Amino acid sequence: MQFIQQLIQQLINGITIGAFYSLVALGYTMVYGVLKLINFAHGDMFMWGAYLGLTGFNVALAMVGQAGGWSILPIVIILMLTVALVGVLVERIAYRPLRSAGRLAPVISALGVAFILQSLARNVYGASYKTYPTGITPTGGLSLAGSARVSTMQIIVLITSFLLMGALYLFVQRTRIGTAMRAVSLDHDTSRLMGIDVNRIIAIVFLIGPGLGGVAGMIVALYYGSFDFTLGWSYGLKAFIAAILGGIGNIPGAMLGGMLLGIIETLGAGYLSPQWKDVIAYAILIIILIFRPTGLLGERVAEKV
Amino acid sequence: MTLLKIENLHTYYGHIQALKGIHLEVEEGEIVTLIGANGAGKTTTLRTISGLIRPRDGQILLDGQQIHTLPAHRIVEAGIAHAPEGRQIFSTLTVTENLNMGAYTLAADKAAIEENRQRVFDLFPRLEERKNQLGGTLSGGEQQMLTIGRALMARPKLVLLDEPSLGLAPMLVKAIFDTIQEINARGVTVLLVEQNARAALKVAHRGYVLETGRVVLSGAANELLRDERVRKAYLGEQ
Ligand SMILES: Nc1ncnc2c1ncn2[C@@H]1O[C@H](COP(=O)(O)OP(=O)(O)OP(=O)(O)O)[C@@H](O)[C@H]1O
Ligand SMILES: [Mg+2]
């Protein structure tokens with residue numbers, strides 16, 4: 001009984017962390033889909049979401065004297081739009097001019113943007129750990145069977161993530177623009193022959209990916225309580241791994257990979273030891289990749305030559 | 001009336017010159033074929049018309065308007081659809097989604113898209129049977145039907161077909177050429193690139209012969225069929 005309760009608790013925690021990984025992994029995977037580029041700056045856009053959230057809450061506190069409750073909504077919207085705009089600008093300035101320059105130059109450019117975003121955050125906000133104002137993170141929760149608990153914050157995280165991911169999935173599968181995104185991921189030239197403005201589709205991807213990443217950054221900061229400018233690097237790398245695990249370029253894959261990574265890590269930390277969780281998690285990752293080099297959902301239909 | 005007019009077209013791949021001053025005209029309502037050996041520049045001509053490659057010199061006019069300066073997606077809007085060489089269908093999109101992408105420029109006009117899809121299904125009943133199947137799982141012939149059908153989805157004035165018969169069984173080759181005539185009879189002008197010169201010249205009104213980036217011969221299709229040089233070089237006769 002004890003064992004089951006503990007397992008349920010670990011799974012709840014794992015899925016919560018997995019939801020973060022999934023949200024961030026989507027940004028890597030969508031950009032990889034349309035550009036075949038690993039956007040290493042994505043993790044730092046996510047990190048900026050955490051900092052912009054901090055600024056937003058502080059401004060809200062100063063202006064209306066409170067930062068919790070519904071004031072979170074305009075903060076989230078402004079933050080999402082800001083990070084999305086940064087994403088679009090980065091693509092326009094740092095990636096598009098290099099689009100016909102082979103595979104290496106854009107990756108280096110992405111790393112450059114990553115360092116710039118990271119240094120900017122450190123210079124603007126300082127190198128110390130930051131915490132959100134007290135009273136914002138919701139407290140309380142629900143008791144499940146026995147000692148297992150799901151906190152209010154976890155419920156918010158899960159509902160928000162699943163709503164966002166569900167909406168994205170429907171958008172990509174059901175709408176004209178979403179279908180065009182999948183077409184562009186397969187073949188730029190043929191997409192252009194359909195009358196698709198490929199640059200516009202890529203810009204939309206750079207709106208959605210960083211937009212979701214920015215929101216994830218804020219939620220992660222709320223969930224953990226504190227963060228610093230290396231958040232994007234550590235968390236971003238894990239999310240990138242989640243994207244690879246699910247099959248990079250594949251949107252449901254990113255969601256699945258994130259969840260799996262979160263759960264494996266949490267179970268490893270809970271049942272073995274926190275020091276060994278990364279060893280376990282990444283050993284499993286390597287084993288999965290050996291058997292499925294394209295990731296779990298990658299390239300289910302063979303590409304024709 | 002001249003629908004497409006190409007003047008002195010020069011196209012390069014880096015330093016390699018693929019087109020060395022092409023002149024070509026397509027009248028409204030015609031089937032015009034472009035024949036030539038491997039590497040003559042047929043595909044390059046079509047890719048330059050549809051804006052995938054920019055010409056270095058010369059011009060392309062559609063209905064008297066310059067189009068060679070427009071981005072590819074605007075050329076589709078202007079009324080040219082291109083069914084590319086090698087059946088470039090979207091392998092992980094369904095047949096219906098592939099067709100919908102062909103009608104991308106019609107945006108929200110659901111009724112028109114529906115109507116055009118029905119026309120394509122009339123032309124290729126096979127596609128309707130397979131409409132929910134992924135493009136990559138179709139047979140070669142079905143993929144070719146999809147490539148052509150997709151190009152017709154936007155109701156183009158002019159459709160560019162690049163080797164629609166390549167790799168198909170003889171029965172299917174005949175069906176494809178019949179379909180091309182049918183498409184033309186429904187009012188679409190066709191610029192047809194083919195290795196199968198005999199079949200192409202039989203359905204076409206006029207033809208151009210391309211050799212290493214230049215037009216070396218042009219005229220009415222039935223005259224080209226009788227031409228000594230064409231018979232020797234492209235129809236395999238002694
Ligand atoms: N992407 C490219 N880069 C460099 N050279 C190219 C490229 N594509 C084509 N070429 C060259 O341009 C010339 C014309 O090629 P093109 O594909 O237009 O010929 P084609 O007439 O369509 O031949 P085929 O009948 O084999 O399809 C060839 O010499 C070819 O090698
Ligand atoms: Mg060719």
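A brief look at the structure comes next. Values in this document were obtained by computation on a predicted structure and should not be read as measured data.

Reading the values: rules and limits
Residues numbered from 1 in each chain as written. Chains lettered and ligands numbered in written order. Predicted model: local features only at pLDDT ≥ 70, side-chain atom pairs only at ≥ 80, totals over all residues. Heavy atoms only, no water. Helix = DSSP H or I, 4+ residues; strand = E, 2+ residues; numbered from the N terminus. Rg over C-alpha atoms; globule rule 2.2 N^0.38 Å. Buried < 20%, exposed > 50% of the residue type's maximum accessible area, 1.4 Å probe, protein only. Contact = heavy atoms within 4.5 Å. Salt bridge = Lys/Arg side-chain N within 4 Å of Asp/Glu carboxyl O. 1 Å grid on protein atoms, 1.4 Å probe; cavity = no way out; pocket = protein on both sides within 12 Å on 5 of 7 lines; lining within 4 Å. Points joined across faces, edges and corners; volume = space filled by probe spheres on them. Nonpolar A, V, L, I, M, F, W, Y, C, P; charged D, E, K, R; others polar. Phe/Tyr/Trp six-rings, centres within 6.5 Å; stacked < 30°, edge-to-face > 60°. Expected span 1.5 Å × (residues − 1). Donors = N, O, S within 2.8 Å, 3.2 Å for Na, K, Ca; no water. Axes fitted to C-alpha atoms, helices over the stretch in contact; angles between N-to-C directions. Parallel < 35°, antiparallel > 145°, perpendicular 65-115°, else oblique. Left-handed = near helix turned anticlockwise from the far one by under 90°. Polar contact = N/O pair within 3.5 Å; in protein donor to acceptor, adjacent residues only side chain to side chain. Buried area = accessible area lost by both parts, 1.4 Å probe. Pairing = 2+ DSSP bridges.

1. Details of the overall build of chain A
Point 1. In terms of helices and strands, chain A carries 11 helices and four strands.
Point 2. Rg of the C-alpha trace for chain A: 19 Å, near the compact-globule value of 19 Å for 305 residues, within the 12% margin.
Point 3. Along the longest, intermediate and shortest principal axes, the C-alpha atoms of chain A span 60 × 50 × 35 Å.
Point 4. In chain A, which comprises 305 residues, the proportion classed as buried is 51%.
Point 5. Taking the contacts inside chain A whose residues are at least 6 apart along the sequence as the reference set, 76% of them involve residues at least 24 apart.

2. Some remarks on the pattern of salt bridges
Charged atoms that come close allow side chains of opposite charge to pair.
Point 1. What the rule picks out here adds up to 21 salt bridges over all chains.
Point 2. A salt bridge links B:E97 to A:R182, with the nearest nitrogen and oxygen atoms 2.8 Å apart. Residue B:E97 is found in helix 3 (residues 95-102), and its partner A:R182 is found in helix 6 (residues 176-186); the two belong to separate chains.
Point 3. Among the ionic pairs, B:R229 bridges to B:D227, the shortest N-O distance being 3.3 Å.
Point 4. Residue B:R229 is classed as exposed on the basis of its relative accessible area, which comes to 54%.
Point 5. Take B:D227: its relative accessible area is 18%, and that puts it in the buried class.
Point 6. Bridged by salt links that share partners, the residues A:E91, A:R96 and A:R99 form one connected network.

3. So, empty space enclosed by the protein
Residues and elements named next belong to chain A.
Point 1. Here the structure, examined in full by the defined rule, presents one cavity of 30 Å³ or more.
Point 2. Space inside the largest cavity adds up to approximately 40 Å³.
Point 3. Around the largest cavity sit Y28, F40, G43, G232, W233, G236 and L237, which together line it.
Point 4. Per element, the largest residue contribution to the lining of the largest cavity is four residues, and it comes from helix 9 (residues 231-246).
Point 5. For the lining of the largest cavity, the residue count by class is four nonpolar, three polar and no charged.

4. A short note on the packing of aromatic side chains
Any aromatic ring pair is given by two values, namely how distant the centres are and how the planes are angled relative to each other.
Residue and element names in this part refer to chain A.
Point 1. Scanning the entire structure with this criterion turns up 18 aromatic pairs over all chains.
Point 2. Summarising the aromatic geometry, the rings of F40 and F240 are spaced 5.6 Å apart at their centres and angled 65° between planes, so their arrangement reads as edge-to-face. Of this pair, F40 sits in the loop between helix 1 (2-35) and helix 2 (42-64) while F240 is found in helix 9, placing the two residues 200 residues apart along the sequence.
Point 3. Its relative accessible area of 15% is what places F240 among the buried residues.
Point 4. Ring plane angle 85° and centroid distance 5.2 Å describe the contact between Y223 and Y224, whose orientation is recorded as edge-to-face.

5. Points about helix 3 (residues 72-95) of chain A
Point 1. Helix length check: helix 3 of chain A, at 24 residues, gives a terminal C-alpha distance of 33 Å against a target of 34 Å (1.5 Å per residue), a fit within 8%.
Point 2. Considering only its buried residues, helix 3 of chain A is in contact with helix 2, helix 4 (104-125) and helix 8 (198-224) of chain A.

6. Observations concerning the coordination of the magnesium ion (ligand 2)
Residue and element names in this part refer to chain B.
Point 1. Within the protein, the magnesium ion (ligand 2) binds to T43 (OG1), E85 (OE) and E85 (OE); these donor distances fall in the range 1.9 to 2.8 Å. Note that T43 is positioned in helix 1 (residues 42-49) and E85 in the loop between strand 6 (80-83) and helix 3, a separation of 42 residues in sequence.
Point 2. Residue classification places T43 among the partly exposed residues on the basis of a relative accessible area of 22%.
Point 3. The exposure class assigned to E85 is partly exposed, which follows from its relative accessible area of 32%.

7. Regarding the environment of A:L120
Point 1. On the secondary structure map, A:L120 appears in helix 4.
Point 2. Relative accessible area serves as the criterion here: at 40%, A:L120 is assigned to the partly exposed category.

8. Regarding unusual backbone geometry
All names here are of chain B.
Point 1. The residue D63 is not glycine, and still its phi comes out positive at about 50°.
Point 2. Locating D63 in the fold gives a position in the loop between strand 4 (57-62) and strand 5 (65-66).
Point 3. Taking relative accessible area as the criterion, D63 reaches 31% and is therefore assigned partly exposed.
Point 4. Here T212, not a glycine, exhibits a phi torsion of approximately 35°, which is positive.

9. Quick look at the packing of helix 2 of chain A against helix 8 of chain A
Residue and element names in this part refer to chain A.
Point 1. Their axes nearest at 7 Å, the elements helix 2 and helix 8 cross at an angle of 55°. The angle between the axes of helix 2 and helix 8 places the two elements in the oblique class. Our pair here, helix 2 against helix 8, has a crossing hand that is right-handed. In contact with H42, M45, F46, G49, A50, G53 and F57 of helix 2, helix 8 contributes G209, P210, G213, G214, A216, G217, M218, V220 and A221.

10. Some points on the side chain of A:R182
Point 1. With relative accessibility at 14%, the residue A:R182 sits in the buried group.
Point 2. Within polar-contact distance, the side chain of A:R182 engages the backbone oxygen of A:V172 at 3.1 Å.
Point 3. Those residues within four positions of A:R182 in sequence are excluded, and the remaining contacts are A:V172, A:Q173, B:T92, B:L93 and B:E97.

11. Some points on the interface of chain B and chain A
Point 1. Across the boundary between the two partners, chain B contributes 26 residues, which contact 23 residues of chain A.
Point 2. Summing both sides of the interface, chain B and chain A together bury roughly 2,300 Å²; the carbon and sulfur share of this comes to 63%.
Point 3. In this structure, A:D189 and B:R47 form a salt bridge, with 3.1 Å as the shortest nitrogen-oxygen distance.
Point 4. Applying the counting rule to chain B against chain A returns four residue pairs in polar contact (both at pLDDT 80 or more).
Point 5. Where the side of chain B that touches chain A is concerned, the elements lending two or more residues are helix 2 (72-78), helix 3 and helix 6 (140-152) of chain B.

12. Focus: the pairing of strand 9 (residues 206-211) of chain B
Residues and elements named next belong to chain B.
Point 1. Here strand 3 (residues 31-36) pairs with strand 9 via five bridges, running parallel. What sits directly across from L34, in strand 9, is Y208.
Point 2. By the bridge criterion, six bridges tie strand 9 to strand 10 (residues 214-220) in an arrangement that is antiparallel. Across the sheet, L210 pairs through a bridge with V215, a residue of strand 10.
Point 3. Turn length for the strand 9-strand 10 hairpin, with the two strands adjacent in sequence and antiparallel, is two residues, and the turn residue T212 shows positive phi of about 35°.

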